[in-house]
Amino acid sequence: MRGLLLCGMLLLAVPGAWAEGLRVDAMRLSPDAAWQRGDAVQEKEDGVYLLEWPISSQSSGRSGVFPEPGAQLTQGVALQVALPRRATPLKADAESFHAQLRKIWATQYGKGAEIGEIEIAGVRWITCRRLAGNGGATVFQLATVHQGRAYSLLAFASPQAVGLPKPIHDLLAGVNFGPEARPWVATRVIAAQPGGLALEALVQGDAERLGQDGMLTGYGIEYTRPPDTANAGQRLAWFMDGFKWRNRAGRDERLPIRLRGHLEARVPARVEGAPAAVSIALQVAAESSTGVEADVSLLDLCAPAAELDAALARLEQGARAPLERLARERPATCPALPVAAPPKGLLAQPGQGVAQTLEFSFPPALPPAAGLSRVQIVAVRPRLVGNEDELGQNLLRQLGLYFVYAP
């Protein structure tokens, strides 16, 4: 909470350039032209943006209380503001944070502090007004919460200031919580592929169901990268061969079992904008007498980096349970979970192929708290059309293509 407790500093004024647009994680501000930037060296050392409002400024919107002669603010400066450059990830919800902050301020500053709240342009700020330790300025501390992070501001005004000075009010009225213009980048493609023993176990169930009435003679899967693709692309193909015995007019006949198909997906290597539409070029082919459907879904995951890496490693072996657990146990300090888009599908009829472009919307690429990683996963999974006990269904339900995007 360092950014919320910058209580003892008095800013030093030096000639500075006009203030430009500022960003603190998801919060953007556009200061009035009268605001000037403070000392660049002090900004870097303290990890803050420093803003100064000169006494001589004649902004059309200027009003409020300003320093009287002899006030112990820096000469020529009416107001000074320190804005921490990074928001503080929270370990609790917004209401718990507000209650805790009020207690901290009340304990630290006692009865001399006026603690309350104010709403400016739809944003709720918890406020603390008090005199600086030397009595030379009135200090305003303000904090708000957005998507699991606390944003704060520290301001110095005249010792006679009662209400929040209008330039500071106007500065906060221009606060906009919007997505940072950061892209999502495809970092890896995971081809879910059970190992040899696991693959054999999947097929064994089909072999046992055939029993004495037939036999499986071969099966396999293959992942390849499509040629001539600048984007992230992958192709999955599968087959299963065998036969069934059928008695017809007293004679045993061998009926062939032949399952073949493939799917191919291509996604953009980079996704710009917030939110942004993502086009997924999908091809599905059912090369035998059983139809095939590809289910496409989008998963937003935010979790401790080591746990996420471990879950993705398990996914390569066909195990989805670790990822599903992380989705259920999303930390409270992660960016808010967007409304989940329903899965989409593409159906290939028996002996046919089909191609289509599906679209999903990626949320803003807001950074998670320290120690956490956030990814978007485009999951493309095949399944046979028909009964759940269809021969080959056990095999296909463990396969899939997973395109992993990170900010």
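Here, the structure is the one placed above.
Residues numbered from 1 in each chain as written. Predicted model: local features only at pLDDT ≥ 70, side-chain atom pairs only at ≥ 80, totals over all residues. Heavy atoms only, no water.

Colleague: Can you walk me through unusual backbone geometry in this structure?
Modeller: Phi angles above zero are rare outside glycine, and Ala121 is one such case at about 50°. With respect to the element layout, Ala121 can be found in the loop between strand E7 (114-120) and strand E8 (123-131). Positioned with a positive phi, Gln147 is a non-glycine residue whose angle comes to about 50°. With respect to the helices and strands, Gln147 occurs in the loop between strand E9 (138-146) and strand E10 (149-157). (Helix = DSSP H or I, 4+ residues; strand = E, 2+ residues; numbered from the N terminus.)

Colleague: Any chance you could explain the sheet that holds strand E21 (residues 372-384) here in plain terms?
Modeller: Hydrogen bonds between backbone atoms are what pair the strands of a sheet, whose relative direction is either parallel or antiparallel. With antiparallel pairing, six strands are arranged side by side in an open sheet as E16-E12-E22-E21-E18-E19. The two strands at the open ends of the sheet, each matched to only one other strand, are strand E16 (270-271) and strand E19 (344-348). Here strand E12 (residues 184-192) pairs with strand E22 (residues 400-406) via seven bridges, running antiparallel. Along E22, the bridge assignment pairs Ala192 with Gly400. Packed onto the sheet, helix H5 (residues 305-315) meets E12, strand E18 (292-304), E21 and E22 and runs at close to 160° relative to E18. The strands touched by helix H6 (residues 321-328) within the sheet are E18 and E21, with E18 carrying the most contacts at an inclination of about 55°. (Pairing = 2+ DSSP bridges. Contact = heavy atoms within 4.5 Å. Axes fitted to C-alpha atoms, helices over the stretch in contact; angles between N-to-C directions.)

Colleague: Help me out: how do you make sense of the packing of aromatic side chains in this one?
Modeller: The relation between two aromatic rings is expressed through the spacing of the ring centres and the mutual angle of the planes. Counted by the stated rule, this structure contains five aromatic pairs. Relative to Trp245, the ring of Phe243 lies with its centre 5.5 Å away and its plane at 80°, an arrangement referred to as edge-to-face. For Trp245, a relative accessible area of 40% translates into the label partly exposed. With 5.0 Å between their ring centres and 85° between their planes, Phe362 and Tyr405 make a pair best called edge-to-face. Pair noted here: Phe362 is in strand E20 (residues 353-362) and Tyr405 is in strand E22, with a separation of 43 residues, a long-range link. Each member of the pair, Phe362 as well as Tyr405, carries the same accessibility label: buried. (Phe/Tyr/Trp six-rings, centres within 6.5 Å; stacked < 30°, edge-to-face > 60°. Buried < 20%, exposed > 50% of the residue type's maximum accessible area, 1.4 Å probe, protein only.)

Colleague: Explain the sheet that holds strand E1 (residues 22-24) to me, please; I cannot follow it from the model alone.
Modeller: Spatially, three strands are ordered E1-E2-E11 in an open sheet, and the strand pairing comes out antiparallel. Two strands close off the open sheet at either side, each with one partner strand: E1 and strand E11 (176-177). When E1 meets strand E2 (residues 27-29), the two strands line up antiparallel, connected through three bridges. Residue pairing across strands places Arg23 opposite Arg28, the latter belonging to E2.

Colleague: Explain helix H2 (residues 94-109) to me, please; I cannot follow it from the model alone.
Modeller: In an α-helix, one turn spans 3.6 residues; hence positions three or four apart end up facing the same way. Under the 1.5 Å per step criterion, the end-to-end length of H2 is 22 Å for 16 residues, consistent within 8% with the ideal 22 Å. In this fold, the buried residues of H2 make contact with E7, E8, E9 and E10. Downstream of H2 by one or two residues, Gly110 has phi in the positive range, about 70°. (Expected span 1.5 Å × (residues − 1).)

Colleague: I keep staring at the side chain of Arg129 and nothing clicks. Help me out?
Modeller: Looking at the secondary structure, you find Arg129 in strand E8. At 2.9 Å, the side chain of Arg129 and the backbone oxygen of Val162 are in polar contact. Contacts of Arg129, omitting those with residues within four sequence positions, involve Gly112, Ala113, Glu114, Thr138, Val139, Phe140, Ala161 and Val162. (Polar contact = N/O pair within 3.5 Å; in protein donor to acceptor, adjacent residues only side chain to side chain.)

Colleague: Is there a simple way to think about the nonpolar core in this case?
Modeller: Nonpolar side chains tend to gather and get buried jointly when the protein is soluble and globular. Counting residues in each nonpolar core, the largest one holds 44 residues, and the members touching the most others are Leu282, Val378 and Val380. It is strand E17 (residues 276-286) that contributes the most residues to this core, six residues altogether. Setting aside its immediate chain neighbours within four residues, Val378 contacts Ile280, Val296, Ser297, Leu298, Phe362, Leu401, Tyr402, Phe403 and Tyr405. Met27, Leu79, Leu172 and Val175 belong to the second largest nonpolar core, which has 30 residues in total. (Core = buried A, V, L, I, M, F, W, Y, C linked by side-chain atoms within 4.5 Å.)

Colleague: Explanation requested: the packing of H5 against H6 in the structure shown.
Modeller: Two measures define how a pair of helices packs: the angle their axes make with one another and the distance between the axes. It is the contact of H5 with H6, at a shortest axis distance of 7 Å, that shows an interaxial angle of 145°. The segment H5 lies against H6, with Glu307, Leu308, Ala311, Leu312, Arg314 and Leu315 engaging Pro322, Leu323, Arg325 and Leu326. Residues belonging to the contact of H5 with H6 are distributed by class as follows: seven nonpolar, no polar and three charged. (Nonpolar A, V, L, I, M, F, W, Y, C, P; charged D, E, K, R; others polar.)

Colleague: Any chance you could explain the side chain of Thr144 here in plain terms?
Modeller: As for its placement among the helices and strands, Thr144 is situated in strand E9. Leave out the neighbours within four places in its chain, and Thr144 touches Val123, Arg124, Trp125, Arg149, Ala150, Tyr151 and Phe177.

Colleague: Just checking my understanding: could you explain the state of the cysteines for this structure?
Modeller: The bond known as a disulfide is covalent and runs between the sulfur atoms of two cysteines. Considering all chains together, one arrives at one disulfide under this definition. Between Cys302 and Cys334 runs a disulfide, and the two sulfur atoms are separated by 2.0 Å. Judged by the torsion about the S-S bond (-85°), the Cys302/Cys334 disulfide is left-handed. Linking Cys302 in strand E18 with Cys334 in the loop between H6 and E19, this pair joins segments that are 32 residues apart in sequence. For Cys302, a relative accessible area of 1% translates into the label buried. (Disulfide = S-S within 2.5 Å.)

Colleague: I would appreciate a short explanation of H5 in the present structure.
Modeller: Looking at H5, one finds that the buried residues are Leu308, Ala311, Leu312 and Leu315. Take H5 and look down its axis: the buried residues cluster within an arc of 100°, on one side only. (Arc of directions from axis to C-beta.)

Colleague: Would you mind showing me how to read the pattern of salt bridges here?
Modeller: Where charged atoms from two side chains of opposite charge approach closely, those side chains can pair. Evaluated as defined, the whole model comprises 21 salt bridges. Linking Arg102 and Glu117 is a salt bridge whose minimum nitrogen-to-oxygen distance equals 3.2 Å. A residue pair is termed long-range when its members are at least 10 positions apart, and Arg102 in helix H2 and Glu117 in strand E7 qualify at 15 residues. Its relative accessible area of 29% is what places Arg102 among the partly exposed residues. The partner of Arg124 in a salt bridge is Glu117, with the nearest N and O atoms 3.2 Å apart. Overall, the relative accessible area of 44% leaves Glu117 in the partly exposed class. Through salt bridges with shared partners, a single ionic network connects Glu95, Arg102, Glu117 and Arg124. (Salt bridge = Lys/Arg side-chain N within 4 Å of Asp/Glu carboxyl O.)

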